[in-house]
Amino acid sequence: PASDKSVIAEGAADTPQVAAAANGQHTVLVIDDEEIVRDTAKTALKRFGYRVLTAIDGQDGVDVYRTHQDEIDIVLL
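Undergrad: Any chance you could explain the pairing of strand 2 (residues 51–55) here in plain terms?
TA: Every other side chain in a regular strand lies on the same face of the sheet, so the side chains alternate between the two faces. Of the strand pairs in this sheet, strand 1 (residues 27–31) and strand 2 are connected by 5 bridges, and their pairing is parallel. Opposite Ile31, over in strand 2, you have Ala55 as the bridge partner. One crossover worth recording links strand 1 to the parallel strand 2 by way of helix 2 (residues 35–47), and it is right-handed.

Structure, rendered in structure tokens:
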């Protein structure tokens, strides 16, 4: 249930924020054959400060990866 109380889990203060870590320095390659999935993932990841590349299928994903392999930090399928 929703609560007005602010609860901090033990050790949470030591966990860095995702948005602060991304800061446009990390690149994610999103590969999916559905445009809505690619667009939703891209929008969400950009809000957290990631640079996002997209591919429409496996072959396109391999091509994009080969072109940008030195930049890509993670691939999301």
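Undergrad: Could you clarify how one ought to interpret the sheet that holds strand 3 (residues 72–76) in this entry?
TA: The strands that make up a sheet pair up through hydrogen bonds in the backbone, lying either parallel or antiparallel. Read from one edge to the other, the open sheet built from 3 strands follows the order 2-1-3, with strand pairing classed as parallel. Every interior strand has two partners, whereas the edge strands, strand 2 and strand 3, have only one. Averaged over all adjacent pairs, the angle separating strand axes in this sheet is 25°, with direction ignored. Taken strand by strand, helix 2 contacts strand 1, strand 2 and strand 3, and its axis lies near 170° from that of strand 2. In the packing of helix 3 (residues 58–68) onto the sheet, contacts are made with strand 1, strand 2 and strand 3, and the angle to strand 2 comes to roughly 140°.

Cut-offs applied
- One numbering rule holds for all chains: residues counted from 1, following each sequence as written.
- Local features are withheld for residues below a pLDDT of 70 in this predicted model, meaning they are given only at 70 or higher, and side-chain atom pairs are given and counted only at 80 or more; totals for whole chains, interfaces and linings count all residues.
- Remark: hydrogens and water are excluded; side-chain values derive from all non-hydrogen atoms of the structure.
- In this description, strands pair whenever DSSP reports at least two bridges between them.
- The helix and strand labels rest on DSSP assignments: H or I over at least four residues marks a helix, E over at least two residues marks a strand, and numbering proceeds from the N terminus.
- When the strands point away from the viewer, a crossover counts as right-handed if the route from the first strand across the helix to the second turns clockwise.
- An axis is simply a line fitted to the C-alpha atoms; with a helix, the fit covers only the stretch in contact. Between two such axes, the angle follows the N-to-C directions and lies from 0 to 180 degrees.
- For this analysis, residues touch if any pair of their heavy atoms sits within 4.5 Å.

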